[in-house]
Amino acid sequence: MELRPYQKAAKNAILPFRENGAKRTFLVLPTGCGKAIVFAKIAEERVKRTERLQ
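Presented here is an overview of the structure given in this document.

**Some thoughts on the overall build of the chain**
Looking only at helices and strands, the chain features two helices and zero strands. Across the chain, contacts joining residues at least 24 apart in sequence account for 54% of those joining residues at least 6 apart. For the chain, the computed accessible surface area is about 4,300 Å², with 58% contributed by carbon and sulfur atoms. A gap of 6 Å separates the mean positions of the 12 positive and 5 negative side-chain charges of the chain.

Here it is as structure tokens:
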């Protein structure tokens, strides 16, 4: 599934925090904008890179 531009921006904003060791991430988007899809895409990419999800 291809993310929409604002979903890609949200994903790209979250990744640096995760890479710097943040254990929890907080994402704010309006209702129906696909927060779950953004996090599913992050999980999918990490699994493809065989990284453990925490």
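**Some thoughts on helix α1 (residues 5-19)**
Along its 15 residues, α1 runs 22 Å from first to last C-alpha, staying within 8% of the 21 Å computed at 1.5 Å per residue. What α1 keeps buried is the set Gln7, Ala10, Lys11, Ile14 and Leu15. Around the axis of α1, the buried residues are gathered within 140° of arc, so they sit on the same side. Among the structural elements, α2 (35-48) are those in contact with the buried residues of α1. Just beyond α1, the residue with positive phi is Gly21, at close to 100°.

**Here's the deal with the environment of Arg4**
Within the secondary structure layout, Arg4 lies in the segment before α1. The spatial distance from the C-alpha of Arg4 to the C-alpha of Val38 is 9.6 Å, given a sequence separation of 34 residues.

**Overview of the nonpolar core**
Among the nonpolar cores identified, the biggest contains eight residues, and these are Ala10, Ile14, Leu15, Leu27, Leu29, Cys33, Val38 and Ile42. Of all the elements in the fold, those that place two or more residues in this core are α1 and α2.

**A few points about the pattern of salt bridges**
Summed over all chains, the structure comprises four salt bridges. Glu2 is the salt-bridge partner of Lys8, the closest N and O atoms lying 2.7 Å from each other. Accessibility expressed as a relative area gives 36% for Lys8, which makes it partly exposed. With its nearest N and O atoms 3.0 Å apart, the salt bridge here joins Lys11 to Glu45.

Parameters and conventions
- Counting restarts for each chain: residues are numbered from 1 in the order of the written sequence.
- Reporting of local features is limited, given that this is a predicted model, to residues whose pLDDT is at least 70; pairs of side-chain atoms are given and counted only at 80 or more, and all residues count toward the totals for whole chains, interfaces and linings.
- Derived side-chain values reflect all non-hydrogen atoms in the structure, with water molecules and hydrogen atoms excluded from consideration.
- Numbering of helices and strands starts at the N terminus; helices are DSSP runs of H or I of at least 4 residues and strands are runs of E of at least 2.
- Residue contacts follow a heavy-atom distance rule, with two residues in contact if any of their heavy atoms lie within 4.5 Å.
- Accessible surface area values rest on a Shrake-Rupley calculation with a 1.4 Å probe, where residue burial reflects the displayed protein chains alone.
- Here the positive residues are Lys and Arg and the negative ones are Asp and Glu; neither His nor the chain ends is included.
- Positions of charges follow a simple convention, taking NZ of Lys, CZ of Arg, CG of Asp or CD of Glu.
- Each residue after the first adds 1.5 Å to the expected span of a helix.
- Buried residues are those whose accessible area, probed at 1.4 Å on protein chains only, stays under 20% of the maximum for their type, while exposed residues exceed 50% and partly exposed ones sit between those limits.
- Note: the arc covers the axis-to-C-beta directions of the helix.
- Throughout, nonpolar core names a set of buried Ala, Val, Leu, Ile, Met, Phe, Trp, Tyr and Cys residues whose side chains join them through atoms within 4.5 Å.
- Take a side-chain nitrogen of Lys or Arg and a carboxyl oxygen of Asp or Glu: if they are within 4 Å of each other, that pair is a salt bridge.

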